[in-house]
Amino acid sequence: MNLSRNTAIPWMLWRRQVAAILRLELKKSLLSKRAWWIYLLTLGPVVLTALHSLVARGGEHTLAEDNLVYAGIFQFYFLRLGIFFGCVGIFSNLFRAEVLERTLHYYFLVPVRREVLAVSKYLAGLIAAVAFFGGSALLSFLFISMHWGPVFEEYLLRGPGLAQMGWYALTATLACVGYGAVFLLTGILFRNPMIPAAVVMVWENLNPFLPSLLKKFSVIFYLKSLCHVDLPIDGPLAVIAVVTEPTPAWLAVPGLLLVSMLVLGYAAMQARTMEVSYSE
Amino acid sequence: MSEPSIVFDNVSRFYGEVLGVNRVNLSIPPGITSLVGPNGSGKTTLMNLMTGLIRPTRGAIRVLGLPLERPEEVFRRVGYCTQFDTFPKGLTGYEFIYSFLLMHGMVAAEAHKLTLQALDSVSMTEAADRLVAAYSKGMRQRIKLAQAMAHGPSVLVLDEPLNGLDPMARAETITLFQKWGAEGRHVIVSSHVLHEVDRISDQVILLSHGYVVAEGEIQGVRSEVKDQPMQILVRCDKPGMLAARLFERDHVVEAKIHADGKGVLVRTRDADSLYLLLNRIVMESGLEIEAVAPADDDVNSVYQYLIGPEGGAA
């Protein structure tokens, strides 16, 4: 056996262990029959926006209107539905599915710090989620306005289009970071992660109606702050909505990252004390 | 320097209200140790405890001097082949072993080399590139064994490792255990097949209802069972005469002629006195004794005496 392995500084060892876990986990996260519904969540808006481009060719609307529609799709579909439930499916199952399939013990019987295992699994889930939903958001952004041809090209390359696309990609990534950490934790703590997922969903969707202070204890509040197009709440609900000054990006991004890292750290600590008891 | 044993210090484990194991004090030395007991006696709980998959409700466990709270150190030296017949999906036999060796932090070349060695040791080289899901029960059992021992652990914990193996594979696997035991490793095996346990074990731990009923070398355990007369088979030329002489003694409970007519099966409460008596009979009557051997110092007999035929405590 290679002695250098035992004397290697932890960072080097951890790097190899993280790479080994990613190698195994990515295969499971990206290519899993169980994840068929996540593929649907991902492909849905891509197909719809592509169809829009085909159908709306020469239609009576503007590029600005397409942008507004996309902002709606992004905020209401991607952030509140697609990424939310996608992250429930991906991150809750990082540990819970191993318990259901009775394979968690293989991970617990290798000389890997449980914290390293939890972070590695989280990274694998994050890569998969960003690939799925970041990719889907970007493709949808391109497809919805593709039918404008040179006008859209001009908007994208010499106008604000590229920056907007960057913000959408960043926001989608941060959504995966935030919701991923939350659902990794619920997957470790709860035997049925759907119950806490439902609670989180209710909380996140109540956000527009919460007092300003409570709004800040949610992921969606910071994500909405990063969306450049503001979509006002119309109809009777507008009466009870509480309008709050959005958090500036320089605070929202590190704030969300910090909260996510705290949740991830707590999840890693919980993983350290986790037992393998499949029959319970 | 690390201590060379696996030590349980007053360990109890409860699953809610249900007892797993209770007040276990053990020091398991190197060699092959078998855990024997009926279903639900606590064998798997004991194995899960010594590998840190579950934690004791009370007490402490140290494996080769290492506390189980540090899996990153313990599992360089421990391998566990569990009873679970489940595997990560979509992996071939080779990938299954190789992937988890990489998680040890090994470089690819080293992991590859150890994977091939492990596959070879369980005669699975030819099936290495097939999906584990397509393996037979016996092959799955062998690939699990290979995965547990691929990193060369000094402690191997094996829960029912012979389950599902055909006779040839059983023999090969037992030879492998004996080799590991002879190398000074700790090989801890649970098995229901008592004659195999008897064949391979250096020491046994008998469990019943979550308690350690007896532990140690099997002959030592048998000699501690005072309430059950020892059975000794005496091969001789005049079994009738010998039986008559033996009946004169109080400590002899039973003496019956062996089925082949060439010996006497004696049940005695005092084996030492019996041996002295045999010497005297030989001197006085010219009896020719071919062999004297204990007939019930095997695991099966001890199991029957201590745990009973139905698996309940005797």
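Residues numbered from 1 in each chain as written. Chains lettered and ligands numbered in written order. Predicted model: local features only at pLDDT ≥ 70, side-chain atom pairs only at ≥ 80, totals over all residues.

Explain the overall build of chain B to me, please; I cannot follow it from the model alone.
Counting its secondary structure elements, chain B contains 11 helices and 14 strands. The principal-axis extent of the C-alpha atoms belonging to chain B is close to 75 × 45 × 40 Å. Across the 314 residues of chain B, 44% fall into the buried class. The contacts in chain B between residues at least 6 apart in sequence include a share of 67% that link residues at least 24 apart. (Helix = DSSP H or I, 4+ residues; strand = E, 2+ residues; numbered from the N terminus. Buried ≥ 20, exposed ≤ 12 C-beta atoms within 10 Å, placed from the backbone. Contact = placed C-beta atoms within 7 Å.)

Quick question: what am I supposed to make of the interface of chain B and chain A here?
Taken together, the contact between chain B and chain A spans 27 residues of the former and 29 residues of the latter. Contributing elements (two or more residues each) for the side of chain B that touches chain A: α2 (71-74) and α3 (93-103) of chain B. In terms of residues, the side of chain B that touches chain A owes the most to one element, α3 of chain B, which gives 4 residues. Its residues placed into classes, the side of chain B that touches chain A shows 13 nonpolar, 8 polar and 6 charged. (Nonpolar A, V, L, I, M, F, W, Y, C, P; charged D, E, K, R; others polar.)

In this structure, what is going on with the nonpolar core? I would like to understand it.
What tends to happen in soluble globular proteins is that the nonpolar side chains get buried as a cluster. Cys-176 of chain A together with Leu-206 of chain B are the most contacted members of the largest nonpolar core, which has 145 residues in total. With 16 residues, the single largest contributor to this core is helix α6 (residues 114-145) of chain A. Setting aside its immediate chain neighbours within four residues, Leu-206 of chain B contacts Val-36, Gly-37, Val-213, Ala-214, Val-302, Tyr-303, Leu-306 and Ile-307 of chain B. Core analysis: the next-biggest nonpolar cluster, separate from the first, contains 14 residues, Met-230, Cys-236, Leu-246 and Val-264 of chain B among them. (Core = buried A, V, L, I, M, F, W, Y, C linked by C-beta atoms within 7 Å.)

Can you walk me through the domain arrangement of chain B in this structure?
The parts lose accessible area when they come together, and the size of an interface is often stated as this lost area. What the domain assignment lists for chain B is domain 1 (6-221) and domain 2 (229-295). Once you take the C-alpha centre of each, domain 1 of chain B and domain 2 of chain B turn out to be 42 Å apart. (Domains from an automatic or database assignment.)

It is not clear to me how the sheet that holds strand β5 (residues 66-67) of chain B should be interpreted in this structure. Could you clarify?
Backbone-to-backbone hydrogen bonds pair the strands of a sheet. The strands run either parallel or antiparallel. Residues and elements named next belong to chain B. One open sheet accounts for 4 strands, arranged β2-β1-β4-β5; its pairing is antiparallel. Each edge of the open sheet is held by one strand with a lone partner, namely β2 (18-28) and β5. Taken together, the 2 bridges between strand β4 (residues 58-63) and β5 define a ladder with antiparallel strand orientation. Counted as the bridge partner of Val-63 is Leu-66 from β5. (Pairing = 2+ DSSP bridges.)

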